[in-house]
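# Secondary and tertiary structure notes
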Amino acid sequence: MADTFETMLERAGLSLPAGEVERLRPYYARYMASFQVVYEADLADEEVAGRFVAAWGPQSEARS
Amino acid sequence: MTTDGTSLHYLTIGQASRLIQQREVSPVDLVEAYLRRIDEIDGTLKAYVTVVADQALADARAAETEIAGGNYRGPLHGVPIGLKDLYDTAGVRTTGQSKVLEHRVPAKDATSVAKLRGAGTILLGKLSMHEFALGGPDTSLFELSRNPWDTERGPGGSSSGSGTAVAAGLCMAALGSDTGGSIRIPAAYCGIVGLKPTYGRVSRAGVLPLAWSLDHCGPMTWTVEDAALMLQAMAGPDPADPTAVDAPVPDYSAALADDVRGLTIGVPRSYIDDPAVGVDPEVGAAFDAALAALASLGARIEEIEVPSLAFATEANTMIMISEAFSYHRANLISQPQNYGATARACFVLGGTYTTGDYQQAMRARARVRREYAEVMQRVDLIATPSMATPAGPFDYDLLSLIGIPNFMGPMNQTGMPAISVPCGFSDDGLPIGLQLAGRPFDEPTVIRAAHAYQQQAGLLDRRPGY
């Protein structure tokens, strides 16, 4: 887990002082453990896809 | 003081608007009363991070002149409000309570702020909050507000100052934002009403984001009636926010006239009673009493099952801090020292998720949405306690709360409208909240039931000892 945490931080472009890495390491472990329930859920028929409205176009997507 | 003995700072919008329209109270009287109140007690409660006293008085005088000239705009005209310090305000510093944005002064108002100004509200100032709507008490800029019922307790967050200010009579209404409960949590802990509208009902433009797909903007008030009046002014489409839906905006105050007869209220009893959720016995008793009251008013109570509640909180956290990391990454790299320890930790942890983690959480969210859509075919509302416990100590470790299930996050994932309304007090005198959630864009039914309950509950005159 230790190596994984530091690898993930590096991958994210984050460079933390060693003390902070050690402070956060137990929280990282706890986060990863708590999210197992999301992976263990049977979500076989669920998908993530965009939805488009009938009037879709630059207007519906724009930010002024 | 009004003729019936009510302190001006404890008037509701409903009461004040009638007095203003009849010219028995002027907006200047109200603003002066609130500024005095802020001067007297906010040194202890710390609800405000910025007070715009001169501008508020100038705006109040202008409103007084306008109303005297026969140009009364409506029930929010002359009403003094506060804003969580993540709503952009033209010419007034908006920081997200972070050193990262310490000197940021927006050029224009957030859409919802502009709408409230158009309705005649008067800005008193900006309110304390958890840093960037997620951190704990260790913000990098300003102090976090205190709970006016017990200053050693936390006010809840992230719209902390909004909860403190409304409860303590430091403004007549406030705005909060809600990504995983941040309107409803401080509403419950501070004993006020917090309304998270449907996702897309109120524009998010000009509001600092926490997680784009979960963020909601809404009012925090003393009464449900006041929340309806505030929502009326805020709701509607916005070219600056493509997620703000162009759907008709109903007359929310009209819903106040209806009772709850004929409504079916679903209760996820097995989830509420799950030891992992940890509902405090006093909270459980207050919740059961609230259900009994709603039943006595004519609602039908029905138990429901939502199996995805087993993983909904975790999915919400994954989505929330993943999106938050995406927004904060550049500043986490260039100026990490300007974040408070808790906010930085949360955002950093968000950076350790993979895209696979995020997609799995979004698939879980799809399941949550589907199950709620099915349940809402059978019931009109879902009732739960707002929070499992009353307010805890002021100092706490947010990170230690990871993975503890709650009643809030699912409503952010589904976008369903949800309100927290006071339903009792603990033996220690701390408020307890009832959450009612409805179908998307059916705020009228949420408002209708919450108002009927609040009128029956008899808690409106109980204020903190400030």
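Just so it is clear, the structure is predicted and the values come from calculations on it, not from any experiment.

We now examine the confidence of the model for chain B. On average, residues of chain B carry a pLDDT of 96, and 100% of them reach 70 or more. If you check the scores for this complex, the pTM reads 0.97 and the ipTM reads 0.90.

With that settled, the discussion passes to helix H2 (residues 27-45) of chain B. Residues and elements named next belong to chain B. The largest bend in H2 comes to about 45°, at Asp39. All buried positions along H2 are accounted for by Pro27, Val28, Leu30, Val31, Ala33, Tyr34, Leu35, Arg37, Ile38, Ile41, Asp42 and Leu45. Buried residues along H2 sit against helix H1 (13-21), strand S1 (48-51), helix H3 (53-68), strand S2 (80-84), strand S3 (122-127) and helix H5 (160-167). Positive phi shows up at Lys46, right after H2, with a value of about 60°.

For the rest of this paragraph, the subject is helix H9 (residues 281-296) of chain B. Residue and element names in this part refer to chain B. Helix length check: H9 (16 residues) gives 22 Å between terminal C-alpha atoms against 22 Å at 1.5 Å per residue, within 8%. Within H9, the full set of buried residues consists of Val283, Gly284, Ala286, Phe287, Ala290, Leu291, Ala293 and Leu294. By the N-cap criterion, in which a side-chain oxygen at the helix start approaches the backbone nitrogen of a residue two or three places on, H9 is capped by Asp280, the distance to Glu282 being 2.8 Å. With its phi angle positive at about 115°, Gly298 sits one or two positions after the end of H9.

This next bit is on the interface of chain B and chain A. Facing 41 residues of chain B, the contacting portion of chain A comprises 34 residues. Of the roughly 3,400 Å² buried at the junction of chain B and chain A (both faces included), carbon and sulfur atoms supply 60%. Of all residues in chain B, Thr352, Arg363 and Ile402 of chain B give up the largest surface area on contact with chain A, accounting jointly for 17% of the area buried on that side. Inspection of the chain B/chain A interface yields 5 salt bridges. A salt bridge links Arg370 of chain B to Asp45 of chain A; its shortest N-O distance comes to 3.6 Å.

Quick look at the side chain of Ser159 of chain B now. All names here are of chain B. Position of Ser159 relative to the elements: it lies in the loop between S3 and H5. A polar side-chain atom of Ser159 sits 3.0 Å from a polar atom in the side chain of Lys84. Sequence-distant contacts of Ser159, defined by excluding residues within four places in its chain, comprise Lys84, Ser128, Gly176, Ser177, Ser182, Ile183, Pro186 and Met220.

Next up on the list: the environment of Asp109 of chain B. Residue and element names in this part refer to chain B. Its location among the elements puts Asp109 in the loop between S2 and helix H4 (111-118). Relative accessible area serves as the criterion here: at 16%, Asp109 is assigned to the buried category. Considering only alpha carbons, one finds Asp109 and Gly206, 97 residues apart in sequence, at a separation of 6.7 Å. In this structure, Asp109 is in contact with Asp88, Thr89, Ala90, Ala114 and Arg117, ignoring residues within four places of it in sequence. Polar side-chain contacts of Asp109 include one of 2.7 Å to the backbone nitrogen of Ala90.

Residue and element names in this part refer to chain B. Along the chain, the position of Gly236 falls in the loop between helix H7 (224-234) and strand S7 (264-267). Spatially, the C-alpha atoms of Gly236 and Val202 are 6.0 Å apart, while their sequence positions differ by 34 residues. Setting aside anything within four residues of it in sequence, one finds Gly236 in contact with Lys115, Arg201, Ser203, Ala244, Val245 and Val249.

This paragraph deals with the nonpolar core. Across soluble globular proteins, nonpolar side chains show a tendency to be buried alongside one another. Judged by nonpolar contacts, the single largest core of 168 residues is most densely connected at Tyr31 of chain A together with Tyr87, Leu170, Phe347, Leu399, Leu434 and Ile447 of chain B. The dominant element in this core, judged by the number of residues it contributes, is helix H10 (residues 309-334) of chain B, at 11 residues. Ile185, Ala188, Tyr189 and Ala391 of chain B belong to the second largest nonpolar core, which has 6 residues in total.

Residues and elements named next belong to chain B. Taken in spatial order, the 11 strands line up as S1-S3-S2-S4-S6-S5-S10-S11-S9-S7-S8 in an open sheet, and their pairing is mixed. Looking along the sheet, the strands with just one partner apiece sit at the ends: S1 and strand S8 (300-303). Neighbour-to-neighbour, the strand axes of this sheet turn through a mean angle of 30°, independent of strand direction. Where S7 and strand S9 (residues 381-385) come together, 2 bridges link them in parallel fashion. For Ile265, the partnering residue across the bridge sits in S9 and is Leu381. On top of the sheet, H7 reaches S2, strand S4 (173-178), strand S5 (193-196), strand S6 (216-221) and strand S10 (418-425); it is set at about 145° to S6, its chief contact.

Take the packing of H7 of chain B against helix H14 (residues 443-457) of chain B next. Two quantities define a packed helix pair, namely the angle between the axes and the distance from one axis to the other. Residue and element names in this part refer to chain B. At a minimum axis separation of 9 Å, H7 and H14 run at an interaxial angle of 155°. What the angle tells us is that H7 and H14 run roughly antiparallel. Between H7, through Val224, Glu225, Ala228 and Leu231, and H14, the contact on the second element is made entirely by Glu443, Ile447, Ala450, His451 and Gln454. Of the residues in the contact of H7 with H14, the class split is 5 nonpolar, 2 polar and 2 charged.

Attention now moves to the packing of aromatic side chains. Summed over the entire model, instances satisfying the criterion amount to 10 aromatic pairs over all chains. Where Phe35 of chain A meets Tyr353 of chain B, the ring centres are 5.3 Å apart and the plane angle is 70°; that geometry is what we call edge-to-face. A residue pair is termed interchain when its members come from two chains, as with Phe35 of chain A in the loop between helix H2 (18-34) and helix H3 (36-40) and Tyr353 of chain B in the loop between helix H11 (341-350) and helix H12 (355-375). For Phe35 of chain A, a relative accessible area of 4% translates into the label buried. The exposure class assigned to Tyr353 of chain B is buried, which follows from its relative accessible area of 6%. By the ring-pair criterion, three or more aromatic residues cluster together here, those being Tyr31 and Phe35 of chain A together with Tyr353 of chain B. Lying across the ring of Phe425 of chain B, Arg462 of chain B places its NZ or CZ 3.7 Å from the centre.

What counts and how
Here the residue index of a chain counts from 1 through its sequence in written order. To read the labels, note that chains go from A and ligands from 1, taken in the order they are written. Local features are withheld for residues below a pLDDT of 70 in this predicted model, meaning they are given only at 70 or higher, and side-chain atom pairs are given and counted only at 80 or more; totals for whole chains, interfaces and linings count all residues. To get the side-chain values, all heavy atoms of the structure are used, and hydrogens and water are removed first. Each residue carries a pLDDT value, the predictor's own confidence for that position, ranging from 0 to 100. Bend is the name given here to the angle between axes fitted to two runs of seven residues, the run ending at a residue and the run starting at it. By the criteria applied, helices consist of DSSP H or I runs no shorter than four residues and strands consist of E runs no shorter than two, each listed in order from the N terminus. Buried means the residue's accessible area, taken with a 1.4 Å probe over protein chains only, is under 20% of the maximum for its type, while exposed means over 50%, and partly exposed covers the values in between. In what follows, residue pairs with any heavy atoms lying within 4.5 Å of each other are defined as contacts. An expected span of 1.5 Å times one less than the residue number is assigned to each helix. Any pair of nitrogen or oxygen atoms within 3.5 Å is treated as a polar contact; in protein, a donor-acceptor pairing is required on top of that, and neighbouring residues in sequence qualify only through side-chain atoms on both sides. Reported buried area values correspond to the accessible surface (1.4 Å probe) lost by two parts on association, with both partners' losses combined. A carboxyl oxygen of Asp or Glu within 4 Å of a side-chain nitrogen of Lys or Arg is what we treat as a salt bridge. Working definition of a nonpolar core: buried Ala, Val, Leu, Ile, Met, Phe, Trp, Tyr and Cys residues. They are joined through side-chain atoms within 4.5 Å. At least two bridges found by DSSP between two strands is the condition for calling them paired. Axis lines are fitted to C-alpha atoms, over the contacting stretch for helices. Their N-to-C directions set the angle, which ranges from 0 to 180 degrees. Angular relationships are summarised with four words: roughly parallel below 35 degrees, roughly antiparallel beyond 145, roughly perpendicular across 65 to 115, and oblique for the angles in between. Amino acids are sorted into nonpolar (Ala, Val, Leu, Ile, Met, Phe, Trp, Tyr, Cys and Pro), charged (Asp, Glu, Lys and Arg) and polar (every other residue, Gly among them). Two rings from Phe, Tyr or Trp (for Trp, the six-membered ring) form a pair when their centres sit within 6.5 Å of each other. Planes less than 30 degrees apart are called stacked, planes more than 60 degrees apart edge-to-face, and all others tilted. Our definition puts a charge over a ring when NZ of Lys or CZ of Arg is within 6 Å of the ring centre and also within 35 degrees of the ring normal.

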